[in-house]
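Single-letter residue listing:
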Amino acid sequence: MTPKQINELVLSERSDYAKSFVGNGFKVAVFDEVCEKISSSGTLQSLTKEGIILAAITAFQTAYEMMKETINALLKVADTVSLNYRKQTFQFNKDSVL
């Protein structure tokens, strides 16, 4: 299963829950990376469709919260944070909604 197929599976099957995965470009970038990691993990054959969805949701929540807390910690000592992530540049300041 490709990262795109995992992405589409999660968004189509859990659209009510996965609404939080889309919004700003940063969340999309984190979710895309999660889908890539799951796709290349070598464990897809042992997972059901529901297992893949659960893995993606759990991995997204974990990765996003870790990144968000790191950015928030940096914003306690700086006015802005610039993050180069997945060939994109994201700017955050104290008013940014993460």
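Below, the structure is looked at part by part. (Residues numbered from 1 in each chain as written. Predicted model: local features only at pLDDT ≥ 70, side-chain atom pairs only at ≥ 80, totals over all residues. Heavy atoms only, no water.)

## Description of the pattern of salt bridges
This is how the line gets drawn: The salt bridge criterion pairs a side-chain nitrogen of Lys or Arg with a carboxyl oxygen of Asp or Glu, the two atoms within 4 Å. Only DSSP runs of H or I covering at least 4 residues are called helices, and only runs of E covering at least 2 are called strands; the numbering of each starts at the N terminus.
Applying the stated criterion across every chain, the model contains 4 salt bridges. K4 is the partner of E8 in a salt bridge, and the nearest nitrogen-oxygen pair spans 3.8 Å. Here the residue E8 and the residue K4 both occupy positions in helix α1 (residues 3-13), the gap between them amounting to 4 residues, near one helical turn. One salt bridge in this structure joins K68 and E65, with 3.5 Å as the shortest N-O distance.

## Overview of helix α4 (residues 49-75)
The cut-off we apply is this: Expected span, for any helix, means 1.5 Å times one less than how many residues it has. The cut-offs for exposure are 20% and 50% of the maximum accessible area for each residue type, with area from a 1.4 Å probe on protein chains only; residues under the lower value are buried, those over the upper are exposed, and the others partly exposed.
The terminal C-alpha atoms of α4 lie 39 Å apart, and with 27 residues this matches the ideal 39 Å at 1.5 Å per residue to within 8%. All buried positions along α4 are accounted for by G51, I52, I53, A56, I57, F60, Y64, M67, K68, I71 and L75.

## A word on the pairing of strand β2 (residues 88-93)
Heads up, the condition is: Strand pairing is assigned whenever DSSP identifies at least 2 bridges connecting the two strands.
Sheet analysis places strand β1 (residues 80-85) next to β2, joined by 6 bridges and oriented antiparallel. Bridge pairing in β2 places Y85 opposite Q88. Between the end of β1 and the start of β2, which pair antiparallel, lie 2 residues, with R86 showing a positive phi angle near 55°.

## A look at unusual backbone geometry
The phi torsion at R86 lies on the positive side, around 55°, for a residue other than glycine. Even without glycine at this site, K87 takes up a positive phi of about 65°. Relative to the helices and strands, K87 is located in the loop between β1 and β2.

## Things to note about the nonpolar core
Applied cut-off: For this analysis, a nonpolar core means a set of buried residues of the types Ala, Val, Leu, Ile, Met, Phe, Trp, Tyr and Cys, connected via side-chain atoms within 4.5 Å.
One finds I6, V10, F26, Y85 and F92 to be the most contacted residues of the largest nonpolar core, which totals 25 residues. If you tally residues by element for this core, the top one is α4, at 9 residues.

## Let's talk about the packing of aromatic side chains
For the record, the criterion: Each pair of aromatic rings taken from Phe, Tyr and Trp, with Trp reduced to its six-membered ring, is defined by centres within 6.5 Å and is described as stacked if the planes are under 30 degrees apart, edge-to-face if over 60, and tilted in the remaining cases.
Counted according to the given criterion, the structure contains 6 aromatic pairs. With a centroid separation of 6.0 Å and 50° between ring planes, the pair formed by F26 and Y64 is classed as tilted. Placement of F26 in helix α3 (residues 25-39) and of Y64 in helix α4 is noted, with a sequence separation of 38 residues between them. There is no split in this pair, since F26 and Y64 are both buried. On the numbers, 5.6 Å between centres and 10° between planes, the contact of F60 with Y64 is stacked. Residue F60 and its partner Y64 are located together in helix α4, separated by 4 residues, close to a single helical turn. For the residue pair F60 and Y64, the accessibility class agrees, reading buried in each case. By way of ring pairs, the aromatic residues F26, F31, F60, Y64, Y85, F90 and F92 are connected into one cluster.

## Some thoughts on the packing of α1 against α4
What counts is decided by this rule: All axes are obtained by fitting lines to C-alpha atoms, using only the stretch in contact for helices, and the reported angles, taken between N-to-C directions, cover 0 to 180 degrees. Convention used here: angles under 35 degrees read as roughly parallel, angles over 145 as roughly antiparallel, angles from 65 to 115 as roughly perpendicular, and any remaining angle as oblique. Whether two residues touch is decided by their heavy atoms; if any such pair falls within 4.5 Å, the residues are in contact. Classification used: nonpolar for Ala, Val, Leu, Ile, Met, Phe, Trp, Tyr, Cys and Pro, charged for Asp, Glu, Lys and Arg, polar for all others including Gly.
The contact between α1 and α4 brings their axes to 10 Å, and the two run at 95°. Here α1 is positioned roughly perpendicular relative to α4, judged by the angle of their axes. Residue-level inspection shows I6, L9, V10 and E13 of α1 in contact with α4, the latter providing K49, I52, I53, A56 and I57. Each residue belonging to the contact of α1 with α4 can be placed in one class, and the counts come to 7 nonpolar, no polar and 2 charged.

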